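Residue-level structure breakdown
So the chains spell out like this:
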Amino acid sequence: MNPAPADQPRVQFLVLALLALFLFSGLTSAPLIDWDENIYAEAARQMLVRSDFLNPYINDQPFAEKPPFYFWVMATLFKIFGVGEFAARSTSALSHFLFALYLAYRLRSILGPLSFFYAILYAGAFGPLLSARFAVIDNMFNALIGVAAFELLFLMRANQSSTRYKHAMLAALAMGTAVLTKGPLGGVIPLIACSGLILGRALQDSGAASSVFSSVTGLLASSWSHFRKALPLGPLLLTGSLSLAIALSWFVINYLISGPQFLEGFAAFQGMLFSQPLDSHEGPFFYHFIVALVGLFPWTPLLLLYTHQDIRTAVMQKERDLVYFCLGWILFVLILFSFVTTKLPHYSASMYIPQTLLILLALRESIHSSPRWKWVQFLTLGYMMLMGIAFAILPYTFADFREKMGFVMENPPEPHGLAFLPGILLSVLALLTFFFLKKRQWFAYLCSGMFSTALFLSSLWILVLPLYTSHNQGPLRTLMQEAYSKNGDLAMYRFLSFDLFFYGKRTIEVLHSYKFKGNAERLNQHGEKDLYVLCRKDHKLQLTLEHPALEHVRDLGLHSMYVLRGRQ
């Protein structure tokens, strides 16, 4: 693979500038989407309102599901750009862009000039690009995991003591911050990736054994030997102690000042992820295997290169350590989240980092000899065009699709006149990507694939997403504004919308929700002000039977509004 076009500073600057343009364009076209975007944005907004950066709060109640680092960054951006969609979503977009820079320039010592190709592969994959446009924690979390894992890899390959301590310190900073961003996996995944490398070296050395016992003991002895060589005691102690100090600092301070409240809530939430599907986020055991393939779009067909024995052999001979490093990471994430009962695609998204690295290694070895290129070429074209056609049609069939899935829509959104454009745009760009791939213009092919996905998502955000946010969240916000315009208070009965917290900027009584403690008796007690109650239409009968003092106001969309009159 010829890296010459990608190794020119002007070309790199242009590619990175275009990536930034697409990442940050259209972020304000649609309101933040329930739930996750509004949850995290509201937690960050509450930090500014309450001037409390120690305890995350939502709706004047402690929010113990996540540590605070992501909220600190978002609150800082709120201070700079103002509270709104751009600052909220820029937190993820900025994380994605900075990590792409890290891959492009920090990994040159391992990949040489091809590190820029690696940055394009990761930055242009559908899964990471999609989460980079959402105000969710995972893009920052995965970037920190990636930095920690690669710095540990640098540490294991370093020869000089001073260099080792530098990598140890950088790995510790990234691991500790990752834990403060989302939780313990921020420290576990980098260690697992490096353990995969050590185990791979041990497997290579152990060879044939006369019995199972001798094979296992030999493997353990070899693993311990490689561990001691790869991770000397001094740098290892520095990494462990500094990362733990950073990771535990906030938890300890929070415990000393606020008591065990947050820790208990955090532990309870982590337990629920394994024991029950939260908020109906269910899926089959193999859910994340599908996510692993779809999230790699448009690079998924490149995995076919590994079906060729010569390519597998060449990659293993030249980059055995990197292969074991990647496989340990991928297998751990896939297995772990297959057992997590709550299924969401961003849970396993860190595996796109090692997946795209494996693709780069195969691509480098297969340029001149692979007989699989015709399959890769036509699968790439078909995959991209199929995705494009599907998204061109979807806006016009969305209501029918929802009804077939069991979600009946009232007054479905009328598609914008250009709602088909993102899908058509992707289909046209698929032809360009196919052309570069067929001509084996590798840099042009990778850039075309990345910008096809980025432009597709940007246009989707501008032309299509507002239709569905206005339909799904617009009626609720209209009812909320009616209640507040009449100087009333608000309550939500047997449903939850964080959109109302972030955009309403007031405390709301939430009844019958595991996330908030509510007082149902409030719907029977006449207060100083009118209390407006929102519920889903299918809960109207239950609401009126339990609280007969409520008066029906009106229905809008899928929800109804009632009122409990205040004392006159």
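Scroll up a little and you will see the structure.
Reading guide: rules and limits
- Residues numbered from 1 in each chain as written.
- Predicted model: local features only at pLDDT ≥ 70, side-chain atom pairs only at ≥ 80, totals over all residues.
- Heavy atoms only, no water.
- Salt bridge = Lys/Arg side-chain N within 4 Å of Asp/Glu carboxyl O.
- Helix = DSSP H or I, 4+ residues; strand = E, 2+ residues; numbered from the N terminus.
- Buried < 20%, exposed > 50% of the residue type's maximum accessible area, 1.4 Å probe, protein only.
- Phe/Tyr/Trp six-rings, centres within 6.5 Å; stacked < 30°, edge-to-face > 60°.

On to the pattern of salt bridges. Charged atoms that come close allow side chains of opposite charge to pair. By the definition in use, this model includes 17 salt bridges. Ionic pairing is found between D138 and K182, a salt bridge with its closest N-O pair at 2.5 Å. Here K182 lies in the loop between α9 (161-181) and α10 (185-206) and D138 lies in helix α8 (residues 138-157), a separation of 44 residues in the sequence. Taken individually, D138 and K182 each receive the classification buried, so the pair is uniform in this respect. Note that E319 is salt-bridged to R364, the shortest N-O span being 3.2 Å. Within this pair, whereas E319 is found in helix α15 (residues 309-339), its partner R364 is found in helix α16 (residues 352-366), the two being separated by 45 residues in sequence. When its relative accessible area of 12% is taken as the criterion, E319 is described as buried. Taking the relative accessible area as the measure of exposure, R364 reaches 23% and is therefore partly exposed. Here the salt bridges do not stand alone but share partners, grouping K318, E319, R364 and E365 into one network.

Looking now at the environment of G504. Residue placement: G504 occurs in helix α22 (residues 498-504). For G504, a relative accessible area of 12% translates into the label buried. As for G504 and L490, which are separated by 14 residues in sequence, their C-alpha atoms are 9.9 Å apart.

This part takes up the packing of aromatic side chains. By the definition in use, this model includes 33 aromatic pairs. When the centroid spacing of 4.6 Å and the interplanar angle of 85° are considered together, the rings of W250 and F262 count as edge-to-face. With W250 in helix α12 (residues 233-258) and F262 in helix α13 (residues 261-275), the pair connects residues that are 12 residues apart, well separated along the chain. Just as W250 is buried, F262 falls in that class too.

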